[in-house]
Structure formats: structure tokens, C-alpha cells
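Structure at a glance
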Amino acid sequence: MLKISSAEFLQGVVDLRQLPKNELREIVFIGRSNVGKSSLLNKVCNKKHLATSSSIPGKTREINYYIINNAFYFVDLPGYGYAKVPEQMRAGWKKLIEDFLKRGNPVALAMQLIDSRQEPTPLDLMMMDWLEYYEVPYMLVLTKADKIPISKLKKQIEIYQEQFQTQITDGCCRGIVPFSIISGEGRNELLKHIETHLTATPNKRKAAV
Ligand SMILES: Nc1nc2c(ncn2[C@@H]2O[C@H](COP(=O)(O)OP(=O)(O)O)[C@@H](O)[C@H]2O)c(=O)[nH]1
Ligand SMILES: [Mg+2]
């Protein structure tokens, strides 16, 4: 299984012209503010303060690049769905994310994070539509799995499997993984998928428009 031997913050990007020149493959993390994205990144890398777990939701407006094993990137996309963000910023966020996905890009795998206790929000669904449209393979990661009883978690996974059956069988969804920073559940499975997708030949992508 993939072992993470080094993980370092590389740079924050607010404009796609600032993307790292060194084109390595990317594992991209997506989700609404407070879903547990920074916590998951820290857990996966076994590094407590790699990504700052911010107490001010929606504060991060940057695409954060981390270099892993000096070989590939973890990319932390800005969290969305924070109510107090002005409309203008929201439009800016949409454009940044869509331009990011449009690059004819080196994304090997995306992790779409959703709180295991909740249904996907309209923005989560929009993100998944974009991932499908740009043919980016992705995992659905159900975060904070320790916060609900196992029976409820199982039920929740079934509901997701049903809701996204088409994406799983005919689309780009590669699976649904419950995750917890408390129990460590899901970490090995994510690492396995990351390894598989890093070594897989890149998907043929739609040409950037
Ligand atoms: N119990 C529990 N709490 C979590 C888990 N993941 C994140 N949290 C908490 O959820 C809050 C938001 O997490 P954070 O990583 O900052 O979310 P982000 O905004 O998506 O980066 C923090 O208080 C975390 O401690 C988890 O797996 N289990
Ligand atoms: Mg965060």
C-alpha cells in the first residue's frame, strides 16, 4: 500500500496562472466548509498541522498545493457553501473551480467529501456534475463517520449507493468510503485508491473549451 513518507505545503493559488510549473499528478479534495477536509488531509498524511483546521469556516479562498513523497500533489480546493460569503465571492469561487477542472488536467482522482450525517447539498451535487462532465474519477468520502452509530452509517451508505447508482456503474464515481479521524476508518482504503489512480494511465479527457 502507498506509504506517505513526506508531505509539505507547497503554495496557495488564487489565480490559475500561479499553478506550480512542475506538472505532477494531482489528488484533489473537495467539500463544503467544515465538512472535515483539513482534518482528513492531516489524517491521511499523518501530520497534525499540515492543513490548518480553520475555526473560521469559508476563510480559505485559495487552492492549496501540498507535495507528497516529492512525487505528486494533494490539492485542497476552497470549501464552499458558507452562508456569509458574499455573492460576488461565490461567483469567483465557481469560476476558479471550473477553470481548474477545465485544464485538460492532471487530476488523477478527486475526493468529494460529504458529512456522513447529512444529505449532499445542492453545491455537492453541482460539484459531482462537474466531475462527471470533465470525466474526473472521484470517490465519495463520508466524513465524521464516528459521529453516527454503525447501523445508521450502513444505512446511509446504502442510500448513497442507490442515489448515485448511475455514477457508480456508468460514470466516474469509483466508490463510497466512510472516514473518521478518530478511528482512522477509511484511511487505508483512500490510500489504496490513490495509489491505483496515480499509476493508472490518465483518462482521455474532453478538450478544454
Ligand atoms: N468527530 C469527528 N470530528 C471531525 C472529523 N473530521 C473533522 N472533524 C471536526 O469537524 C470540524 C471541521 O473540520 P475541518 O477539518 O476544519 O473542516 P474543513 O473546513 O472542511 O477543513 C473540526 O472541529 C474537526 O475537529 C471526524 O472524523 N470526526
Ligand atoms: Mg479546511
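Relevant structure appears above.
These lines cover the structure that appears in this document, whether it is placed above or below. (Residues numbered from 1 in each chain as written. Chains lettered and ligands numbered in written order. Predicted model: local features only at pLDDT ≥ 70, side-chain atom pairs only at ≥ 80, totals over all residues. Heavy atoms only, no water.)

1. A word on helix α3 (residues 122-133)
The following threshold applies: Here a strand is any run of E in DSSP of at least two residues, a helix any run of H or I of at least four, and the numbering for each starts at the N terminus. Helix span is expected to be 1.5 Å times the residue number reduced by one. Only heavy atoms enter the contact rule, under which two residues are in contact if any of them lie within 4.5 Å.
Over its twelve residues, α3 extends 16 Å from the first C-alpha to the last, a length consistent with the 16 Å expected when each residue adds 1.5 Å. Considering only its buried residues, α3 is in contact with β2 (26-30), α2 (87-101), β5 (107-115) and β6 (138-143). Positive backbone phi, approximately 55°, marks Glu-135, located one or two places after α3.

2. Considering unusual backbone geometry
Test applied: Here the term buried applies to any residue with accessible area under 20% of the maximum for its type, exposed to any over 50%, and partly exposed to those in between, with areas from a 1.4 Å probe on protein chains only.
Even without being a glycine, Asn-34 presents a positive backbone phi close to 75°. Asn-34 gets classed as exposed once you look at its relative accessible area, which sits at 54%. Positive phi is not limited to glycine here, since Glu-135 has a value of about 55°. If you trace the backbone, Glu-135 turns up in the loop between α3 and β6. Classification of Glu-135 by relative accessible area gives partly exposed; the value is 26%.

3. Let's talk about empty space enclosed by the protein
The condition is simple: A cavity here means a set of 1 Å grid points, computed over protein atoms only, where a 1.4 Å probe fits but cannot escape. A pocket is an open set with protein on both sides within 12 Å along at least 5 of 7 lines, and lining residues have an atom within 4 Å of a point. Grid points are joined across faces, edges and corners, and a volume is the space filled by probe spheres set on the points. Ten residue types, Ala, Val, Leu, Ile, Met, Phe, Trp, Tyr, Cys and Pro, are classed as nonpolar, four, Asp, Glu, Lys and Arg, as charged, and the remainder, Gly among them, as polar.
For the coordinates displayed, the defined rule picks out two cavities of 30 Å³ or more. If you go around the largest cavity, you meet eleven residues; those closest to its centre are Arg-61, Tyr-80, Gly-81, Tyr-82 and Arg-90. Classifying every residue of the lining of the largest cavity gives five nonpolar, four polar and two charged.

4. Side note on the packing of aromatic side chains
To be explicit about the condition: Pairs were defined over the aromatic rings of Phe, Tyr and Trp, the Trp ring being its six-membered one, requiring ring centres within 6.5 Å. Orientation was assigned from the angle between planes: stacked under 30 degrees, edge-to-face over 60, tilted for the rest.
Under the defined criterion, the tally for this structure stands at eight aromatic pairs. Plain terms: the ring middles of Phe-9 and Tyr-66 are 5.5 Å apart, the flat faces sit at 65° to each other, and that makes the pair edge-to-face. Placement of the pair is Phe-9 in strand β1 (residues 7-13) and Tyr-66 in strand β3 (residues 63-68), with a sequence separation of 57 residues. Accessibility expressed as a relative area gives 44% for Phe-9, which makes it partly exposed. Here Tyr-66 falls in the buried class, since its relative accessible area comes to 4%. With 5.2 Å between their ring centres and 85° between their planes, Tyr-65 and Tyr-73 make a pair best called edge-to-face. The class for Tyr-65 is buried, based on a relative accessible area of 0%.

5. Some details on the environment of Met-111
Note that Met-111 resides in strand β5. Counting along the chain gives 105 residues from Met-111 to Ser-6, while the straight-line C-alpha distance between them is 20 Å. Apart from the residues lying within four places of it in its own chain, the contact partners of Met-111 are Ile-27, Val-28, Phe-29, Ile-30, Met-139, Val-141, Leu-190 and Ile-194.

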